[in-house]
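For reference, the chains in residue letters:
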Amino acid sequence: MPASRASTFTESVIREMTRVAQQHGAINLAQGFPDFPMPEPMKDAACAAIHGDINQYAITWGARELRNAIAEKYRTWYGFPVDTETEITVTCGATEAMASVFLALIDPGDEVIVFEPFYENYGPDAILAGAKPVFIPLEPPNWTFDPERLRAAFSSRTKAIVVNTPHNPTGRVFTREELDLIADLCRENDVWAITDEIYEHIRYAGNHHLLATWPEMRERTVTISGLSKTYSCTGWRLGYAIAPAVETTAIRKVHDFLTVGAPAPLQAAGAVGMAFPPEYYNQMALAYRERREVLASALRAAGFSFSLPEGAYYVLADFTALSDRDDREFALWLTSEVGVATVPGSSFHATPGMGKRYVRFAFCKKTATIEAAAERLLRIPAMI
Ligand SMILES: Cc1ncc(COP(=O)(O)O)c(C=O)c1O
């Protein structure tokens, strides 16, 4: 019999929908991975690293050149000085960073505040650490939270709050005022902020704000990000956590015993990507904006309702006007009959009954792929 901790969460629905899409030959707008190539110079750098014999374990907490590139990024983008020797842990994706940080900082019985809907890994991460997730709703249509409800969620057992901005699955970019409140509550209650900033460079409105730069937040924030989304290399599994030195020591120990380290030749190539000039990031955001427009106009015409994402590459769309099926049945119908795979909204919720009127579309696909999906979506009104 498997251990009880593994039976308290289900298989990832996102990854399951990718398999269902393949069975039906549907266009996969379910899982958030690009169907276009990553930057050529990074591919070349990876090949050169392999041929140059960078094929053995890297330093457990990350190759020096990648840690230097990460520190340089935080200095130039955010004016945030980071010590490469004591404050950075390179991990196998932001996913492993989040799990290692939970295991390093959270004790069994602690509470962790998570905004709901949420990226589906946070619940299982909390459970693996023996913690209790406490969910605060982001409310449609604009996916904002009630400040008083958030304040009331902090208790003497609260150890951390997870802050994901730009947000998956809603596309929200938290405002300075929202982050002000979160910072106030973290200081007042002596709580960690664990931020997931994997979509920091994919934004259509507003700036990206680093919570760690708020007064007295540096010492209580773990900043998590990674290369998967910014450089379209989700299969490379490169992420990192930036934390104060004492906590970094703990995170590095957990990371070492979980994975030893991230792939050495890809770390070398990752450093090349992180040195790209600002035009790279501007172009990438512009290309995503174009994809967002193509998908959004098709969804509008097909009868979905949604708020336009401010960041990340997802639309969480309400299908109430189209069907009274539940989210899972509707997503399966969309996949098998319309030929477009999405993720049922309830997979981003822990509270029973929530998310049942929503499916999530990912638009990290070639414009041609989104146009082909749009053509199919526009047939929906005639099919219902
Ligand atoms: C919010 C969020 N965090 C983390 C990840 C995973 O990042 P990585 O590939 O670096 O593990 C995803 C992927 O979809 C995500 O949406």
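Cut-offs used in this document
Residues numbered from 1 in each chain as written. Predicted model: local features only at pLDDT ≥ 70, side-chain atom pairs only at ≥ 80, totals over all residues. Heavy atoms only, no water. Pairing = 2+ DSSP bridges. Helix = DSSP H or I, 4+ residues; strand = E, 2+ residues; numbered from the N terminus. Near = heavy atom within 4 Å. Polar contact = N/O pair within 3.5 Å; in protein donor to acceptor, adjacent residues only side chain to side chain. Areas by Shrake-Rupley, 256 points an atom, 1.4 Å probe, with all protein chains shown as cover. Nonpolar A, V, L, I, M, F, W, Y, C, P; charged D, E, K, R; others polar. 1 Å grid on protein atoms, 1.4 Å probe; cavity = no way out; pocket = protein on both sides within 12 Å on 5 of 7 lines; lining within 4 Å. Points joined across faces, edges and corners; volume = space filled by probe spheres on them. Core = buried A, V, L, I, M, F, W, Y, C linked by side-chain atoms within 4.5 Å. Buried < 20%, exposed > 50% of the residue type's maximum accessible area, 1.4 Å probe, protein only. Contact = heavy atoms within 4.5 Å. Salt bridge = Lys/Arg side-chain N within 4 Å of Asp/Glu carboxyl O.

Enquirer: What should I look at first to understand the sheet that holds strand β12 (residues 358-362) in this one?
Expert: Whether parallel or antiparallel, the strands of a sheet pair through hydrogen bonds between backbone atoms. One open sheet accounts for three strands, arranged β9-β12-β11; its pairing is antiparallel. The open sheet has two free edges, formed respectively by β9 (314-318) and β11 (343-344), since each of these has just one partner strand. As paired elements, β11 and β12 share two bridges and run antiparallel to each other. Each bridged residue has a counterpart across the sheet, and for V343 the counterpart in β12 is R360.

Enquirer: Which parts of the structure should I look at to understand the site of the ligand?
Expert: Near the ligand there are 14 residues, and of these A94, T95, D196, Y199 and S228 occur at the shortest range. At a separation of 2.6 Å, a nitrogen atom of the ligand approaches a polar side-chain atom of D196. Compared with its free state, where it exposes 400 Å², the ligand has 93% of that area covered by protein. Of all the elements, helix α5 (residues 93-105) adds the most residues to the shell around the ligand, at three residues. Taken together, the residues of the shell around the ligand break down into six nonpolar, five polar and three charged.

Enquirer: Would you take a moment to explain the layout of surface pockets for this structure?
Expert: Once rolled over the atoms, a probe with the size of a water molecule shows which space is left empty. Taken as a whole, the largest pocket encloses approximately 580 Å³ of empty space. Lining the largest pocket are 29 residues, and of these F9, T10, E120, P124 and S347 lie nearest its centre. If you list the elements that add at least two residues to the lining of the largest pocket, you get α2 (13-24), α6 (122-128) and β4 (132-137). By residue number, the principal contributor to the lining of the largest pocket is α6, which donates five residues. Of the residues contributing to the lining of the largest pocket, the split by class is twelve nonpolar, eleven polar and six charged. Approximately 400 Å³ is the volume found for the second largest pocket. Lining of the second largest pocket is provided by 22 residues; of these, R15, G32, T95, Y119 and K229 occupy positions nearest its centre.

Enquirer: Just checking my understanding: could you explain the nonpolar core for this structure?
Expert: Side chains of nonpolar character tend, in soluble globular proteins, to be buried together. F304 and F361 are the most contacted members of the largest nonpolar core, which has 71 residues in total. If you tally residues by element for this core, the top one is helix α11 (residues 278-302), at seven residues. The contact partners of F361, leaving out residues within four places of it in the chain, are L29, L295, L299, F304, Y313, Y314, V315, A317, L334, V340, T342 and L377. Ranked by size, the runner-up nonpolar core spans 31 residues in total, among them L66, V90, C92 and Y281.

Enquirer: Looking at this structure, I do not really get the pattern of salt bridges. What am I missing?
Expert: When their charged atoms lie close together, side chains carrying opposite charge are able to pair. Scanning all chains against the criterion turns up 18 salt bridges. Salt-bridge contacts for K43 lead to E40; the nearest nitrogen and oxygen are separated by 3.3 Å. Here K43 and its partner E40 are both found in helix α3 (residues 40-51), three residues apart, which amounts to about one turn of the helix. The exposure class assigned to E40 is partly exposed, which follows from its relative accessible area of 47%. Across the pair R172 and E310 runs a salt bridge whose closest N-O atoms are separated by 3.1 Å. Of the two residues, R172 sits in the loop between β5 (158-164) and α8 (176-189) while E310 sits in the loop between α11 and β9, which places them 138 residues apart along the sequence. The buried category is assigned to R172, whose relative accessible area is 7%. One continuous salt-bridge network, built from bridges that share partners, spans R64, R67 and E85.

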